[in-house]
Amino acid sequence: MDEVIQVTQWLSSITPRKKAKLFFFTTHADAPSPMVGSNDVDTHEETQLPLATTVALHNFKNIDEFLKKKVNTFSCYNVIENEITKTDYEYLRFYSACKYLDVVPPFLDLEKISAIQNKFEMTDEERDYRLLLDSADLVLEKVCDSLKPAGVSQMWTALRKDRNLIRGVKTIDIIGFFVDPNPTGIKECLFFFIVRFLQKADKINRVNTNRLERLIAQCDESSSCEEGKTIDFIIDSLRFYPTELYPFGFCLIMCVIEGRDGAMQEIEKTMEISRHLGMITHTEKNPTKETIELVKKELMKPKYQFYSSFTCWFMSHGDSNSMVLADGETIEREWFLTSFPDISTFQLKPKVFFMVSCRGANKFSLKGDEFEGQSATCDYYDIGSAPIRNRMLDITDSVRDISYVQPMMDTLVAYSTILDHLSGRANTHGSIYVDRACVLMSENISRGRSLTEILEHLSQDLHEILQETMDEDRIVYKQACHYDSFFRKTLKLPYTRHPKEDVHSAPQ
């Protein structure tokens, strides 16, 4: 069959709502830069003009033309270059969006997708199409689905009132002030236009969503929300780190085995819980400084920008400032913690570090006959009061910026013990902190708990356990853990484990 006819038939089989979503997912706002084949030309017209004309004319002609152009580009694309190109990213994004929406063109060349995945050096686990979807866009899709056409229309009216923001933007004028978002697919086009406009204007990104939340907060709840949804529910959904679908993130496990009883148990437990959470996991036994540098270099590869989060378990001996590596050398804990968050592939994404080592030799000792022989070691938007809000500073958009971010932002560091104190171990099972952390995360995976809630529970649970030193003094003591958080959103554990699909290459 002629390819033009195939494309036409494929487009005619897609509903207007799915066309709007396919366009949205394909015109991903945070495409990595610089790339081979990219340029400095503003993509404003490519990403916003088709949405604007569709809303204004109630006609999907321009979106159809955009999708046809994409299909034709991919049809002619020859995957022979060694360097990763802009088209490589676009091809993977387009394919994953089609797969997610169940509109994969029957004529799409899946061998090319496999060849592109090879260029990204993707493992079998990483060839699951869900990895390629942007989790922030999936959250925004759910927000759109929670709003009625009237709600999106009210957001548009509120946006149009911000004259400083919209001044001189031609696509805004194309849509006009009054919009009828009721025809099928028009609500989606208008909402996605608002989102992409705010992203291009550098007002929102995957972490900073305050400007979008403020537009939603101005909607009338009785007319703007779908059944069962509320304005607070919709805004709250934007206050979590976007970690939708599989995988939950990338997990790096580094464990020094030499001289640490139960170290293999630690590895098994952390691997089990990370996989249970739906993470793709990599383990480094007996790391050295050279190992750490190689891992950091690996994490800078382009494929890691598809991940939604990063978790690292580092388990070794240590003191107040440093950690002991497998070769006996030490590294400064602060150096380790500040070198990983600055990796560009995980910017604006949650990064969690579990630092499991002693930080000194002090102990919170317990004395008394009742403790002898007892030990577990042996084996904002809506401020309710207007008067209060009126007394607060008026922070205008002109003094806000989301472009520059401190490297440690969106990072959480969990320590197995407090400064200058021991981190306890069981004779055969390794770190008690690791054991309890894995147990609590496993128990709470289906309860919608946030990571910080679980860490607070862990702090209570660990501090109840009586431990005993392994020297001749046999001192009974307690251990206290804590965490330092630079999070700007809440990181929730998945409600259910997202199993890896049986996808070892491009799905047929």
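Basis of the calculations
Residues numbered from 1 in each chain as written. Predicted model: local features only at pLDDT ≥ 70, side-chain atom pairs only at ≥ 80, totals over all residues. Heavy atoms only, no water. Pairing = 2+ DSSP bridges. Helix = DSSP H or I, 4+ residues; strand = E, 2+ residues; numbered from the N terminus. Right-handed = clockwise from strand over helix to strand, strands pointing away. Phe/Tyr/Trp six-rings, centres within 6.5 Å; stacked < 30°, edge-to-face > 60°. Core = buried A, V, L, I, M, F, W, Y, C linked by side-chain atoms within 4.5 Å. Buried < 20%, exposed > 50% of the residue type's maximum accessible area, 1.4 Å probe, protein only. Contact = heavy atoms within 4.5 Å. UniProt positions renumbered as here; feature names shortened; annotations may be inferred. Axes fitted to C-alpha atoms, helices over the stretch in contact; angles between N-to-C directions. Parallel < 35°, antiparallel > 145°, perpendicular 65-115°, else oblique. Left-handed = near helix turned anticlockwise from the far one by under 90°. Nonpolar A, V, L, I, M, F, W, Y, C, P; charged D, E, K, R; others polar. Expected span 1.5 Å × (residues − 1). Polar contact = N/O pair within 3.5 Å; in protein donor to acceptor, adjacent residues only side chain to side chain. Salt bridge = Lys/Arg side-chain N within 4 Å of Asp/Glu carboxyl O.

Remember that side chains alternate between the two faces of the sheet whenever the strand is regular. Where strand 1 (residues 249-255) lies against strand 2 (residues 279-285), 7 bridges are found, and the strand directions are parallel. Counted as the bridge partner of Leu252 is His282 from strand 2. Handedness of the strand 1-helix 16 (residues 263-276)-strand 2 crossover: right-handed.

Turning our attention to the packing of aromatic side chains. Under the counting rule described, the total for this entry stands at 29 aromatic pairs. Between Trp10 and Phe94, the aromatic rings sit 6.2 Å apart at their centres with planes inclined by 70°, giving edge-to-face as the arrangement. Of this pair, Trp10 sits in helix 1 (residues 3-12) while Phe94 sits in helix 5 (residues 86-101), and the two are 84 residues apart along the sequence. Taking the centre distance of 6.0 Å and the plane angle of 40° together, the rings of Tyr89 and Phe306 count as tilted. Placement of Tyr89 in helix 5 and of Phe306 in the loop between helix 17 (289-299) and strand 3 (310-315) is noted, with a sequence separation of 217 residues between them.

One finds Trp10, Phe191, Phe336 and Phe340 to be the most contacted residues of the largest nonpolar core, which totals 103 residues. For this core, the leading source of residues is helix 12 (residues 186-200), giving 10 residues. Apart from the residues within four sequence positions on either side, Trp10 is in contact with Leu22, Leu67, Val71, Phe94, Cys98, Val103, Val104, Pro105, Pro106 and Phe107. Judged by nonpolar contacts, the second largest core, of 38 residues, contains Leu277, Met315, Val352 and Cys481.

Let us look at the UniProt feature "domain: Caspase family p10" (unreviewed entry) in the protein chain. Mapped onto the present numbering, the UniProt feature "domain: Caspase family p10" (unreviewed entry) falls on residues 410-443. Within the segment residues 410-443, helix and strand shares are 35% and 26% respectively, and the terminal C-alpha atoms sit 25 Å apart.

Along the chain, Asp410 falls in the loop between helix 19 (386-390) and strand 8 (411-415). Residue Asp410 is classed as buried on the basis of its relative accessible area, which comes to 1%. Beyond its immediate chain neighbours, meaning those up to four positions away, Asp410 contacts Val207, Tyr241, Leu348, Lys349, Pro350, Lys351, Phe486, Phe487 and Arg488.

This next bit is on the sheet that holds strand 1. What the 6 strands build is an open sheet, ordered 2-1-3-6-8-13; its pairing is mixed. Both edges of this open sheet fall to strand 2 and strand 13 (482-485), since each of them pairs with a single strand only. For this sheet, the mean angle separating the axes of adjacent strands, direction not counted, is 15°. Direction of pairing for strand 8 relative to strand 13: antiparallel, over a ladder of 4 bridges.

Okay, the packing of helix 2 (residues 16-26) against helix 8 (residues 135-146) next. Close contact between helix 2 and helix 8 brings their axes to 11 Å; oriented N to C, the two are set at 150°. One way to sum up the angle between helix 2 and helix 8 is to call them roughly antiparallel. The two elements helix 2 and helix 8 meet at a crossing, and its hand is right-handed. Counting all contacts with helix 2, which are made through Arg17, Lys21, Phe24 and Phe25, the residues of helix 8 involved are Asp137, Leu138, Leu140, Glu141 and Asp145. When the residues that make up the contact of helix 2 with helix 8 are grouped by side-chain class, the tally is 4 nonpolar, no polar and 5 charged.

Helix length check: helix 20 (residues 432-443), at 12 residues, gives a terminal C-alpha distance of 17 Å against a target of 16 Å (1.5 Å per residue), a fit within 8%. Inspection of helix 20 places Ile432, Tyr433, Val434, Ala437, Cys438, Leu440 and Met441 among the buried residues, and these make up the whole buried set. The backbone nitrogen of Tyr433 lies 3.2 Å from a side-chain oxygen of the residue at the head of helix 20, namely Ser431.

A few words on the side chain of Ser153. Mapped onto the fold, Ser153 is located in helix 9 (residues 149-160). Exposure remark for Ser153: the relative accessible area of 17% places this residue in the buried category. What Ser153 contacts, discounting residues up to four positions off in sequence, is Val179, Pro181 and Leu190.

Across all of its chains, the model carries 25 salt bridges by this definition. Taking the shortest distance from any N to any O, the salt bridge between Lys68 and Glu65 comes out at 3.8 Å. In this pair, Lys68 and Glu65 both sit in helix 4 (residues 61-76), 3 residues apart, roughly one turn of the helix. Given the relative accessible area of 26%, Lys68 is considered partly exposed. Across the pair Asp461 and Arg436 runs a salt bridge, and its minimum N-O distance is 2.8 Å. Of this pair, Asp461 sits in helix 21 (residues 451-463) while Arg436 sits in helix 20; the two residues are 25 residues apart in sequence, bridging distant segments of the chain. The structure contains a network of salt bridges with shared partners spanning Arg17, Lys21, Glu141, Asp145, Lys187 and Glu188.

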